[in-house]
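Coordinate analysis (summary)
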Amino acid sequence: MTTNAEDPATVIRAYPDGPILVRGDFELLDEDGNPVPTERRTIALCRCGRSAIAPLCDGTHAVLTRHNRD
């Protein structure tokens, strides 16, 4: 994939037992279509459903994964 400053690419990557990372140029919308403020060009979206800052990831999945291994 090639990119340039005028046309930055958006990359979305799902991590096993972790979040979905979104990098690049994107707009995050809530269920009503309203923009969700983001301060970075990379965000982590929660997949475990337990984040206190949903839809963004707060790392809770790591605690859940460790707990399930014990």
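Here, residues in each chain are numbered from 1, in the same order as that chain's written sequence. Since the coordinates come from a predicted model, pLDDT governs what is reported: local features require at least 70, and pairs of side-chain atoms require 80 or more to be given and counted, while whole-chain, interface and lining totals use all residues. Water and hydrogen atoms were dropped before computing side-chain values, which therefore reflect all heavy atoms in the structure.

1. Quick notes on the pairing of strand 1 (residues 11-14)
How we decide: DSSP calls a pair of strands paired once it identifies at least 2 bridges connecting them. We count a stretch as a helix when DSSP gives it H or I for four or more residues in a row; a strand needs E for two or more, and each element gets its number in order from the N terminus.
Two strands pair when backbone bridges link them, and strand 1 and strand 2 (residues 20-23) are joined in this way by 4 bridges, in the antiparallel orientation. Looking at the pairing, Ala 14 lines up with Ile 20 of strand 2. The turn joining strand 1 and strand 2, which pair antiparallel and follow one another in sequence, is formed by 5 residues; a positive phi near 55 degrees is taken by Asp 17.

2. Topic: the environment of Asp 58
This is how the line gets drawn: We call two residues in contact when some of their heavy atoms are within 4.5 Å. For the purposes of these results, a polar contact is taken to be a pair of N or O atoms within 3.5 Å, where, inside protein, one atom must be able to donate a hydrogen and its partner to accept one; residues adjacent in sequence count only when each atom of the pair is a side-chain atom.
Turning to its location among the elements, Asp 58 is positioned in the loop between strand 3 (42-45) and helix 1 (60-69). For the pair formed by Asp 58 and Ala 44, sequence separation is 14 residues and the distance between their alpha carbons is 8.4 Å. Once residues within four sequence positions are removed from consideration, Asp 58 is found in contact with Ser 51, Ala 52 and Ile 53. Here Thr 60 takes part through its side chain, which lies 2.5 Å from a polar atom of the side chain of Asp 58.

By themselves these figures say nothing about function.
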